[in-house]
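What follows is the residue order along each chain.
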Amino acid sequence: QKEVEQNSGPLSVPEGAIASLNCTYSDRGSQSFFWYRQYSGKSPELIMSIYSNGDKEDGRFTAQLNKASQYVSLLIRDSQPSDSATYLCAVNRGSSNTGKLIFGQGTTLQVKP
Amino acid sequence: GAVVSQHPSWVICKSGTSVKIECRSLDFQATTMFWYRQFPKQSLMLMATSNEGSKATYEQGVEKDKFLINHASLTLSTLTVTSAHPEDSSFYICTLSRQRGPSPLHFGNGTRLTVT
């Protein structure tokens, strides 16, 4: 079992729709969770961080965390073609902040005009 | 603004040569930096943790004698790929965390290494 799992996609949604990206992790001790967006050939950029169970909203983005189910998701409302990218779920290894992030393989999102 | 500056952004070298990649923290004294590697269509994998003034900590399976890391100051860490081979061709990215406790990593722009 991979430590962080994501569906590689591609996930295709029409412009204006809600895109839902999912991620599961195996380490129950993990406390920090992040979503990064990566355009082709570029370095990842941070979209959201979440540390507590529940929802966290930032503009069109909502991160959801359920530690009991070891599940974290990212919702993108009003999807735009510019949102087309690979979205990486990252989990801090263990309960301490060592800066060692374990990344999922990423989900490719395609937003079609 | 940018937190981490990485140089060069891309490099092509011949097999057997060495390549040095620099990672600079622009506005923060980083005692710890991290080096990741990403092969095409794969996710990021942590290679090593760079500690200022001490030896780097390498992840399992990463050859410390091949990937030399030097963190001589609080704002600069370097990764040298020694005796590069085509299989070392990858996207190398440095990161740092700006604060203690749970916090996200800030990535450099990455270095695309191609070994011919």
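Residues numbered from 1 in each chain as written. Chains lettered and ligands numbered in written order. Predicted model: local features only at pLDDT ≥ 70, side-chain atom pairs only at ≥ 80, totals over all residues. Heavy atoms only, no water.

Colleague: Would you mind going over the pairing of strand β9 (residues 90–97) of chain B in detail, with residue names and values included?
Modeller: Residue and element names in this part refer to chain B. For β9, the buried fraction is high: 8 of the 8 residues fall into the buried class. Burial along β9 is two-sided: the face carrying S90, Y92, C94 and L96 and the face carrying F91, I93, T95 and S97 are both buried. As paired strands, strand β4 (residues 32–38) and β9 are joined by 6 bridges and run antiparallel to one another. Bridge pairing in β9 links R37 to Y92. Pairing of β9 with strand β11 (residues 111–115) involves 3 bridges; the strand directions are antiparallel. Paired with F91 across the strands is R112, a residue of β11. Two strands pair when backbone bridges link them, and β9 and strand β10 (residues 105–107) are joined in this way by 3 bridges, in the antiparallel orientation. (Buried < 20%, exposed > 50% of the residue type's maximum accessible area, 1.4 Å probe, protein only. Helix = DSSP H or I, 4+ residues; strand = E, 2+ residues; numbered from the N terminus. Pairing = 2+ DSSP bridges.)

Colleague: An account of the sheet that holds strand β8 (residues 71–76) of chain A is needed here, citing residue identities and associated values.
Modeller: Residue and element names in this part refer to chain A. Spatial ordering of the open sheet is given by β1-β3-β8-β7-β6, a layout of 5 strands whose pairing is antiparallel. Edge positions in the sheet fall to β1 (4–5) and β6 (54–58), since each has one partner strand and no second. As paired strands, β6 and strand β7 (residues 61–66) are joined by 5 bridges and run antiparallel to one another. Paired with D55 across the two strands is Q64, which belongs to β7.

Colleague: So what about the pattern of salt bridges? Which residues, and what values?
Modeller: Under the criterion given, the structure shown has 5 salt bridges over all chains. A salt bridge links R60 of chain A to D83 of chain A, with the shortest nitrogen-to-oxygen separation between them at 2.9 Å. Taken together, the residues span a long stretch of sequence, with R60 of chain A in the loop between β6 and β7 and D83 of chain A in the loop between β8 and β9 (85–92) at a distance of 23 residues. Residue class for R60 of chain A comes out partly exposed when judged on its relative accessible area of 26%. Two residues, R24 of chain B and E22 of chain B, come together in a salt bridge whose shortest N-O distance is 3.6 Å. A relative accessible area of 36% means that R24 of chain B is categorised as partly exposed. (Salt bridge = Lys/Arg side-chain N within 4 Å of Asp/Glu carboxyl O.)

Colleague: How would you explain the interface of chain A and chain B if you had to name every residue and give the values?
Modeller: Across the boundary between the two partners, chain A contributes 20 residues, which contact 23 residues of chain B. Buried surface at the junction of chain A and chain B, both sides included, amounts to about 1500 Å², of which 56% is carbon and sulfur. The interface formed by chain A and chain B holds 0 salt bridges in total. Applying the counting rule to chain A against chain B returns 4 residue pairs in polar contact (both at pLDDT 80 or more). Broken down by class, the residue content of the side of chain A that touches chain B amounts to 8 nonpolar, 9 polar and 3 charged. (Contact = heavy atoms within 4.5 Å. Buried area = accessible area lost by both parts, 1.4 Å probe. Polar contact = N/O pair within 3.5 Å; in protein donor to acceptor, adjacent residues only side chain to side chain. Nonpolar A, V, L, I, M, F, W, Y, C, P; charged D, E, K, R; others polar.)

Colleague: Quick rundown of the sheet that holds strand β7 (residues 67–73) of chain B? Include the residues and the values.
Modeller: Residues and elements named next belong to chain B. If you walk across this open sheet you meet the 4 strands as β1-β3-β8-β7, and the pairing is antiparallel. The open sheet has two free edges, formed respectively by β1 (4–7) and β7, since each of these has just one partner strand. Geometrically, the sheet is characterised by an average inter-axis angle of 15 degrees between neighbouring strands, direction not taken into account. Note: β7 against strand β8 (residues 76–81), 5 bridges, orientation antiparallel. Opposite I69, over in β8, you have L79 as the bridge partner. (Axes fitted to C-alpha atoms, helices over the stretch in contact; angles between N-to-C directions.)

Colleague: Residue-level account of the packing of aromatic side chains, with values.
Modeller: Considering all chains together, one arrives at 8 aromatic pairs over all chains under this definition. The interplanar angle of 80 degrees and the centroid separation of 5.9 Å between the aromatic rings of F34 of chain A and Y51 of chain A together place this pair among those described as edge-to-face. Within this pair, whereas F34 of chain A is found in strand β4 (residues 33–38), its partner Y51 of chain A is found in the loop between β5 (45–50) and β6, the two being separated by 17 residues in sequence. An aromatic cluster of three or more residues is present, and its members are Y36 and F103 of chain A together with Y36 and F107 of chain B. (Phe/Tyr/Trp six-rings, centres within 6.5 Å; stacked < 30°, edge-to-face > 60°.)

Colleague: Describe the state of the cysteines, listing the residues and the values that go with them.
Modeller: Two cysteines, two sulfur atoms, one covalent bond between them: this is a disulfide. All names here are of chain A. By the definition in use, this model includes 2 disulfides over all chains. The side chain of C23 participates in a disulfide bridge whose partner is C89; the two sulfur atoms lie 2.1 Å from each other. Residues C23 and C89 are joined through a disulfide that is left-handed, its torsion about the S-S bond being -70 degrees. Residue C23 is found in strand β3 (residues 19–25), and its partner C89 is found in strand β9; the two are separated by 66 residues along the sequence. A single burial state applies to C23 and to C89, both of which are buried. (Disulfide = S-S within 2.5 Å.)

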